[in-house]
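Structural overview for review
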Amino acid sequence: MEKNALLNAYRMMNRIREFENEAIELAKANETRAAVHTYQGEEAIATGVCAHMTREDFITSTHRGHGHCIAKGADLTRMFAELLGKGEGYCKGKGGSMHIADLTTGNLGANGIVGGGIPIAVGAALSMQLDHSDNFTVSFFGDGAANEGSFHEALNMASIWDLPVIFVCENNQYGISTHVSKSMHVKDIAERAVAYNIKGMVVDGNNVAAVDAAMEEAVAHVKAGKGPVLMEMKTYRMAGHYFGDNQNYRTRDEVNSWKDKDPILQCAKLLMEQWEVSEEELNEIRKEEHKAVLDASKAARQMSDPDIEDLTEDLYDPIFADITWKAFQKPDNGGKRL
Ligand SMILES: Cc1ncc(C[n+]2csc(CCOP(=O)(O)OP(=O)(O)O)c2C)c(N)n1
Ligand SMILES: [Mg+2]
């Protein structure tokens, strides 16, 4: 990676890490309004992938979605506002951490349903193909999601229609407390690409330069109309599954062994050794991102809570709600549900 691209990646990874650390602080203070799943240790993936995307390229995200959202260009204050249930949050405070969507940056939304975003990405890619656009969609999901039916159905459909979609599996070794070795019998999840006759790639997800290079190759593949790609990013979830997880299913030694592979440390090392960037310069970037995150958190905390009258607004599509209501009202169905 060129020096500037690597410096930008370092900045982005720090922004995500700082956001997650602050999200945990807010959860500790009982200020967040729903479960918070953080992304520490996996920052290189969202950063390296989204660096190759424009706002017209779409992503679908997961319950662990803050990193994807930030890397795609989201506003940190509106993100914190959403976590805190404020009316100025991305979804007016009604979605919380697990359901942030931001159409202005091409983020079709996080999803509390494991594997739920994968078929949505296929639909988005189909619309791009039908529009003859040059854009593509990325679906982020976990190793656990790769065992869901939705994953297999989505890959099959994307494969038969050669859709411009990149499936980015973040294999962080665990689905909640279950290690991948107990939930699947393949060495690499990317092997599953063979079943759908699509391109599969295994990538070191803790090395942003490796993610960057792999993504460049994947984008060229989908843009050439060669069909979807399944990228497996090997990584590790450094924090618990969610805030409040006692983590009694893994050893301290295991957690410590991954600390040396921390993607931010690896990127710093590369910048210092390959590009002779000074430690002071790196510290400066870290401090700036720390401040930006704290400022955003403070601004969000000062926002007012939404009005109680708005509680049931935006929960249903008004057209759908109207049809359903009329169906209930129909005199000839005996008042029964449809
Ligand atoms: C369909 C569905 N089944 C189960 C759950 C409960 N659940 C929430 S997160 C999770 C684990 C997901 O693991 P993985 O896909 O590896 O993502 P990670 O949390 O590791 O990022 C489960 C089972 C859910 N939210 N949705
Ligand atoms: Mg996982």
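Refer to the structure above for everything that follows.
Below you will find a few notes about this structure. Computed from a prediction, not measured in an experiment: that's the story for all the values here. (Residues numbered from 1 in each chain as written. Chains lettered and ligands numbered in written order. Predicted model: local features only at pLDDT ≥ 70, side-chain atom pairs only at ≥ 80, totals over all residues. Heavy atoms only, no water.)

Notes on the overall build of the chain
Put simply, the rule is: A helix here means a DSSP run of H or I that spans at least four residues, while a strand means a run of E at least two residues long, and both kinds are numbered starting from the N terminus. The atom set for the radius of gyration is the C-alpha atoms, and the globule formula is 2.2 Å times the number of residues raised to the power 0.38. Only protein chains enter the accessibility calculation, which uses a 1.4 Å probe; a residue whose area is less than 20% of its type maximum is buried, one above 50% is exposed, and one in between is partly exposed. Shrake-Rupley sampling with a 1.4 Å probe provides the accessible areas, and residues are treated as covered by the protein chains on show and by no other component. When charges are tallied, Lys and Arg are placed among the positive residues and Asp and Glu among the negative ones, while His and the ends of the chain are skipped. Lys charges are placed at NZ, Arg charges at CZ, Asp charges at CG and Glu charges at CD.
From N to C terminus, the chain includes 12 helices and 7 strands. Its C-alpha atoms give the chain a radius of gyration of 21 Å, within 12% of the compact-globule value 20 Å for 338 residues. Overall size of the chain, expressed as C-alpha extent along the three principal axes, is 75 × 50 × 40 Å. Buried positions account for 49% of the 338 residues belonging to the chain. When the accessible surface of the chain is summed, it comes to about 16,600 Å², and 52% of that surface belongs to carbon and sulfur atoms. Charge separation in the chain, taken as the distance between the mean sites of 35 positive and 51 negative side-chain charges, equals 3 Å.

Considerations on the coordination of the magnesium ion (ligand 2)
Inclusion rule: Listed donor atoms are N, O and S within 2.8 Å of the metal (Na, K and Ca: 3.2 Å). As water is not included, a site may look incomplete.
Those donors, Asp-143 (OD), Asn-172 (OD1) and Tyr-174 (O), are the protein atoms that reach the magnesium ion (ligand 2), and they lie 2.1 to 2.2 Å from it. Counting gaps between the donor residues of the magnesium ion (ligand 2) yields the pattern D-x28-N-x1-Y. Separated by 31 residues along the polypeptide, Asp-143 in the loop between β2 (137-142) and α6 (149-160) and Tyr-174 in strand β4 (residues 174-175) bring together distant segments of the chain. Looking at Asp-143, the relative accessible area reads 1%, which means it is buried.

Quick word on the pattern of salt bridges
We apply this condition: When a carboxyl oxygen of Asp or Glu is within 4 Å of a side-chain nitrogen of Lys or Arg, the pair counts as a salt bridge.
Tallying each qualifying case throughout the model produces 16 salt bridges. Close ionic contact of Asp-134 with Lys-223 constitutes a salt bridge, the shortest N to O distance being 3.5 Å. Placement of the pair is Asp-134 in the loop between α5 (117-130) and β2 and Lys-223 in helix α8 (residues 208-223), with a sequence separation of 89 residues. A salt bridge links Asp-188 to Lys-234; the shortest N-O distance between them is 2.8 Å.

Remarks on a negative patch on the surface
Short version of the rule: Exposure above 30% relative accessible area and the absence of a salt bridge qualify a residue for a patch, where like charges join within 9 Å and nonpolar side chains (Val, Leu, Ile, Met, Phe, Trp, Tyr) within 5 Å.
On the surface, a cluster of negative charge is made up of Asp-307, Glu-309, Asp-310 and Glu-313. One can find Glu-309 in the loop between α11 (279-301) and α12 (318-329). By relative accessible area, Glu-309 is classed as exposed at 62%.

A word on the site of ligand 1
Stated formally: Note on definitions. A residue lies near a molecule or strand when any single heavy atom of the residue is within 4 Å of it. Definition of a polar contact: a pair of N or O atoms within 3.5 Å, with one able to donate and the other able to accept a hydrogen when the atoms are protein atoms, and with sequence-neighbouring residues admitted only if both atoms are side-chain atoms. Space inside and on the surface of the protein is sampled on a 1 Å grid over the protein atoms alone, with a cavity defined as a set of points where a 1.4 Å probe fits but cannot get out and a pocket as an open set with protein on both sides within 12 Å along at least 5 of 7 lines; lining residues have an atom within 4 Å of a point. The way we define it, a molecule is inside a pocket or cavity when more than half of its atoms are within 2 Å of that pocket's grid points. Three residue categories are used. Nonpolar comprises Ala, Val, Leu, Ile, Met, Phe, Trp, Tyr, Cys and Pro, charged comprises Asp, Glu, Lys and Arg, and polar comprises the others, including Gly.
In the region of ligand 1, 15 residues are neighbours, and His-63, Arg-64, Gly-112, Gly-144 and Tyr-174 sit closest. Gly-112 places a polar main-chain atom, nitrogen or oxygen, 2.8 Å from a nitrogen atom of ligand 1. For ligand 1, an oxygen atom lies 2.8 Å from a polar atom in the backbone of Gly-144. Most atoms of ligand 1, that is more than half of them, are within 2 Å of grid points of the largest pocket. In the shell around ligand 1, the residues fall into 5 nonpolar, 7 polar and 3 charged.

Concerning the environment of Ile-24
Tracing the chain through its elements places Ile-24 in helix α1 (residues 3-28). For Ile-24, a relative accessible area of 17% puts it in the buried group. Considering only alpha carbons, one finds Ile-24 and Ala-321, 297 residues apart in sequence, at a separation of 37 Å.

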